[in-house]
Amino acid sequence: MTAQSQPLAQTELNLQSFTALMENRISTGRYQSGQSLDQQSIETLIRLTSLSPSAYNLQNWRFIAVQSAEAKARLQAQAYGQPQIASAAVTFIICGTLNAHRQLHTALQPSVDSGILPAKVQQSWVDAATQTHTDNPQLQRDEAFRSASLAAMTLMLAAESMGLAAGPMSGFDAEGLNKAFQLDTDEVPVMLVTVGYPEKESNRQQKRRKPVADVLSYA
Ligand SMILES: Cc1cc2nc3c(=O)[nH]c(=O)nc-3n(C[C@H](O)[C@H](O)[C@H](O)COP(=O)(O)O)c2cc1C
């Protein structure tokens, strides 16, 4: 194999794996109950999830791993009783963070310390984010939803890659969930993602998507 063909073969492999991952994933709503996920797996999932991009690398998110029976019941009560919360090994509450510009300097410091980001750029990003986000609740909320949604998708793909199943949920009462899990005033619950072991006998298939021609235009 030539030096030039190596990257091409790797690219082909990456595309094959990613295609298989996307074509086979479903939003799982039924899990084998009574299963749990060990702490190491949970932390691997969140480490991979944290590699998601966010504006300015704000990392304006936080994750709550709901795994105890008591916490699952508390969450289920805020999610209109949706049963997958009880049977999933873990449900992650994905929170987006408001006022994220206030912690941007700190969030970027490790990149500056490791020589990846010049301190000048760090300061210019902090200045730009501060200017646009201060007193702009709409932008803060938009950015929180963007970051948390990207994180949610990464979390689901990471779970699938680890042989687990996952499903996104927005069917919950945000106000009630805020109270039940004592979220900070700067936090907004964006999505729930259930993760667990899929039911063995399930024959659920991925739902059909609109044709590319219906959703793609060129400019
Ligand atoms: C933002 C969002 C919110 C969703 N909320 C719920 C929910 O509350 N309950 C549920 O059972 N499924 C929920 N779903 C799952 C969708 O119904 C599912 O992703 C869609 O029908 C496509 O299914 P498939 O990927 O299995 O083909 C949600 C999906 C998304 C992306």
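Please refer to the structure placed before this passage.
Basis of the calculations
Residues numbered from 1 in each chain as written. Predicted model: local features only at pLDDT ≥ 70, side-chain atom pairs only at ≥ 80, totals over all residues. Heavy atoms only, no water. Helix = DSSP H or I, 4+ residues; strand = E, 2+ residues; numbered from the N terminus. Buried < 20%, exposed > 50% of the residue type's maximum accessible area, 1.4 Å probe, protein only. Contact = heavy atoms within 4.5 Å. Near = heavy atom within 4 Å. Polar contact = N/O pair within 3.5 Å; in protein donor to acceptor, adjacent residues only side chain to side chain. Areas by Shrake-Rupley, 256 points an atom, 1.4 Å probe, with all protein chains shown as cover. Nonpolar A, V, L, I, M, F, W, Y, C, P; charged D, E, K, R; others polar. Axes fitted to C-alpha atoms, helices over the stretch in contact; angles between N-to-C directions. Parallel < 35°, antiparallel > 145°, perpendicular 65-115°, else oblique. Left-handed = near helix turned anticlockwise from the far one by under 90°. Arc of directions from axis to C-beta.

Chemist: Tell me about the environment of Phe63, residues and numbers included.
Modeler: Structurally, the position occupied by Phe63 is in strand E1 (residues 61-66). Note on Phe63: relative accessible area 16%, which makes it buried. Note: C-alpha distance between Phe63 and Ser111 (48 residues apart in sequence) is 22 Å. Filtering out sequence-adjacent residues up to four positions away, Phe63 remains in contact with Ile46, Thr49, Ser50, Ile93, Ile94 and Ala151.

Chemist: Tell me about the site of the ligand, and please be specific about residues and values.
Modeler: Inspection of the region around the ligand gives 13 residues, with Ser27, Gln82, Ser170, Lys207 and Arg209 positioned closest. The separation between an oxygen atom of the ligand and a polar side-chain atom of Gln84 is 3.3 Å. Within the contact set of the ligand, an oxygen atom lies 2.9 Å away from a backbone nitrogen or oxygen of Gly171. Protein burial of the ligand: of its 630 Å² of free accessible surface, 62% is covered by the chains. Of the residues in the shell around the ligand, the class split is three nonpolar, six polar and four charged.

Chemist: Let's hear about the packing of helix H2 (residues 39-49) against helix H7 (residues 137-161): which residues, and what values?
Modeler: Helix-helix packing is characterised by the crossing angle of the two axes and by the distance between the axes. Running from N to C, H2 and H7 point in directions that differ by 135°, and their axes come no closer than 8 Å. Compared by their axis directions, H2 and H7 come out oblique. The two elements H2 and H7 meet at a crossing, and its hand is right-handed. On H7, the residues touching Leu45, Ile46, Leu48 and Thr49 of H2 are Ala151, Thr154, Leu155, Ala158 and Ala159. Split into classes, the residues belonging to the contact of H2 with H7 amount to seven nonpolar, two polar and no charged.

Chemist: So what's going on with the environment of Ala165? Residues and values would help.
Modeler: Along the chain, the position of Ala165 falls in strand E3 (residues 165-169). You can call Ala165 buried: its relative accessible area is 4%. A sequence separation of 34 residues divides Ala165 from Glu199, and the C-alpha atoms of the two residues are 9.4 Å apart. For Ala165, the residues in contact, after removing those within four places along its chain, are Thr28, Tyr31, Glu160, Thr194, Val195, Gly196 and Pro198.

Chemist: Explain helix H3 (residues 69-78) residue by residue, including any values.
Modeler: For H3, the complete set of buried residues consists of Ala71, Lys72, Leu75, Gln76 and Gln78. Each buried residue of H3 lies within a common arc of 160° when the element is viewed along its axis, so the set occupies one face. Summarising the geometry of H3, the exposed residues directed more than 90 degrees from the buried face are Ala69 and Ala77. Looking at the residues trailing H3, positive phi occurs at Tyr80, about 55°.

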